[in-house]
Amino acid sequence: MDGHFDPFRKAASGWIFHCDADAFYASCHMAEDTALRKLPVVVAGDPKSRHGVIVTANYAARNLGIRTGMTLGTARLLCPEVVAIEPDKPLYRRYSQALHGILSQYTINREPLSLDEAWLDMNQVLNFNDDPRPVAAELQSRIAEMVGISVSIGVSVNKMLAKQISDWNKPGGITLLRHQDIPDKLWPRPISELFGCGPVTARKMTKLGIVTIGDLAEQGVAEIMHRFGWHGLTLRLRATGDDNSPVVNPRPEDRRSVSAEHTTAYDMAREEDILGLIGQCAEEVSRHLEQLGLVGYTLSIKWRTRDFVTHTRQMVSYAALCDTQNIFRLASRLWAQSGEKKAIRLAGVSVSRLKQPSQQLRFWDE
Ligand SMILES: [Mg+2]
């Protein structure tokens, strides 16, 4: 059984996890520099200026009343010692990859939602008779150990409920909501907390006397549809815990390119050495395309000269690129056309415009 979208799927057959890192940006900095762990830390747009706006605050800072969206000036009034750090996107990407790498070890059905959030369909690991909490706890401690950040996990019978509850016990929470818990635990919550219900809709609903999620669950579908349209209907279904949307893996062909590159420890000037390096990249790209079951139609090469200038060239291929020979032939032709005379420090090969090989070709291959 693979992870492809099944339009006839009725409902999840096992637990769905929604994993969400706690104060992700701040956590990355705290993992890099453990001295920050005990201090109030904020990530702010312009940490030098008191007008810099806070993007994320760690829990030590939140406990002092510091919030996202505050200016640093206000935060310093609450806590003069607050540590302000500039956002570091490459750092967050690196931690995000490490986090999603561990999540993908738990199930092949994983749908990333953002840098620090994903749904995991655990139906092949846990059915509804199993207690999902030990597995969630193990996942948390593995992420803490391998990545150095903490996550909260919502565990429920579908995607929306899992997402809805994952922040109820932050940081480091595991929140379980079974179908029968919905009236007691979900319905008393204010309508503004319902996933997808924006402030405008929440205000409009409150005016109509729909104050809690439970109030919305009791509304007639036709009435809600009349006043709030399809969006209202979706919210009304969510309020009763009704959601059959499947966890959808990102499809391999959504990848934009497959590439490989190598940096050399010394300047490389001899033609045969450079072609050797390009050949190595071509082989790696070919192997990766084969693993993904894809072919590509644009080939690029990249090289960096010893003065640290990076150059690229690309060409379109009318034949599907996937085997090493074809990729290497085009890559070495592009290299020859470049006329580069300087020594290089890096070479790379990339294949893009990826597609599934045509069915007809497959048919004749067999
Ligand atoms: Mg988060």
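Counting of residues starts from 1 at the beginning of each chain's written sequence and follows it residue by residue. A pLDDT threshold of at least 70 governs which residues receive local features in this predicted model, and a stricter bar of 80 or more applies before side-chain atom pairs are shown or counted, although totals over entire chains, interfaces and linings include all residues. Excluded from the side-chain calculations are hydrogens and water; all other atoms, namely the structure's heavy atoms, are used.

## Quick notes on the nonpolar core
Right, on to step 1. Residues Phe17, Leu139, Ile143, Ile149 and Leu216 are the most contacted members of the largest nonpolar core, which totals 48 residues.
Right, on to step 2. Numbering of helices and strands starts at the N terminus; helices are DSSP runs of H or I of at least 4 residues and strands are runs of E of at least 2. A total of six residues in this core trace back to one element, the largest contributor, which is helix H4 (residues 89-103).
Right, on to step 3. We call two residues in contact whenever any of their non-hydrogen atoms come within 4.5 Å of each other. Apart from residues no more than four positions distant in its own chain, Ile143 is found in contact with Leu99, Ile102, Leu103, Gly148, Ile149 and Val151.
Right, on to step 4. The nonpolar core is taken to be a set of buried Ala, Val, Leu, Ile, Met, Phe, Trp, Tyr and Cys residues, with the residues joined through side-chain atoms within 4.5 Å. Each residue is placed in one exposure class: buried if its accessible area under a 1.4 Å probe, protein chains only, is under 20% of its type's maximum, exposed if it is over 50%, and partly exposed if it falls in between. Formed by 26 residues, the second largest nonpolar core is a distinct cluster that contains Met268, Leu289, Met315 and Ala331.

## Some points on the domain arrangement of the chain
By a widely used convention, the size of an interface equals the accessible area lost when the partners come together.
Right, on to step 1. Examined at the domain level, the chain breaks down into domain 1 (16-23 + 91-181), domain 2 (27-87), domain 3 (184-239) and domain 4 (252-365).
Right, on to step 2. On a C-alpha basis, the centres of domain 2 and domain 3 stand 35 Å from each other. The domain boundaries here were taken from an automatic or database domain assignment.

## Considerations on the coordination of the magnesium ion
Right, on to step 1. Here the term donor refers to an N, O or S atom within 2.8 Å of the metal (or 3.2 Å for Na, K and Ca), and because water is left out of the atoms, sites may appear incomplete. Protein-derived coordination of the magnesium ion comes from Asp20 (OD), Ala21 (O) and Asp116 (OD), at a distance range of 2.2 to 2.5 Å.
Right, on to step 2. Mapped onto the polypeptide sequence, the residues donating to the magnesium ion form the spacing pattern D-A-x94-D. Taken as a pair, Asp20 and Ala21 share a single burial class, namely buried.

## Here we look at the sheet that holds strand E12 (residues 344-355)
Within a beta sheet, neighbouring strands are joined by backbone hydrogen bonds and run either parallel or antiparallel to one another.
Right, on to step 1. Reading across the sheet, the four strands line up as E9-E12-E10-E11 and stay open at both edges, with antiparallel pairing between neighbours. Two strands in the sheet have a free side with no partner beyond their single neighbour: strand E9 (257-268) and strand E11 (310-321). The sheet shows a mean angle of 15 degrees between the axes of neighbouring strands, direction not considered.
Right, on to step 2. By the bridge criterion, eight bridges tie E9 to E12 in an arrangement that is antiparallel. From the neighbouring strand, Ala260 faces E12, where its bridge partner is Val349.
Right, on to step 3. Only the contacting stretch of a helix is used when fitting its axis, a line to C-alpha atoms as for every element, and angles between N-to-C directions run 0 to 180 degrees. Against the sheet, helix H11 (residues 271-292) engages E9, E11 and E12, with an angle of about 155 degrees to E9. For two strands to be treated as a pair, DSSP must find at least two bridges joining them.

## Details of the side chain of His29
Right, on to step 1. Here His29 is to be found in helix H1 (residues 24-32).
Right, on to step 2. For His29, a relative accessible area of 8% puts it in the buried group.

## Brief notes about the confidence of the model for the chain
Right, on to step 1. Across the chain, the average pLDDT comes to 89, with 93% of residues at 70 or higher.
Right, on to step 2. Predictor confidence is given residue by residue as pLDDT, running from a minimum of 0 to a maximum of 100. The element-level mean pLDDT for the chain is lowest in helix H13 (residues 359-365), coming to 41, with strand E7 (residues 151-156) highest at 98.
Right, on to step 3. The low-confidence segment residues 1-9, where pLDDT is below 50, has ten contacts with residues more than four positions distant or belonging to other chains.
Right, on to step 4. Counted against residues more than four places away or in other chains, residues 359-366, with its pLDDT under 50, gives three contacts.

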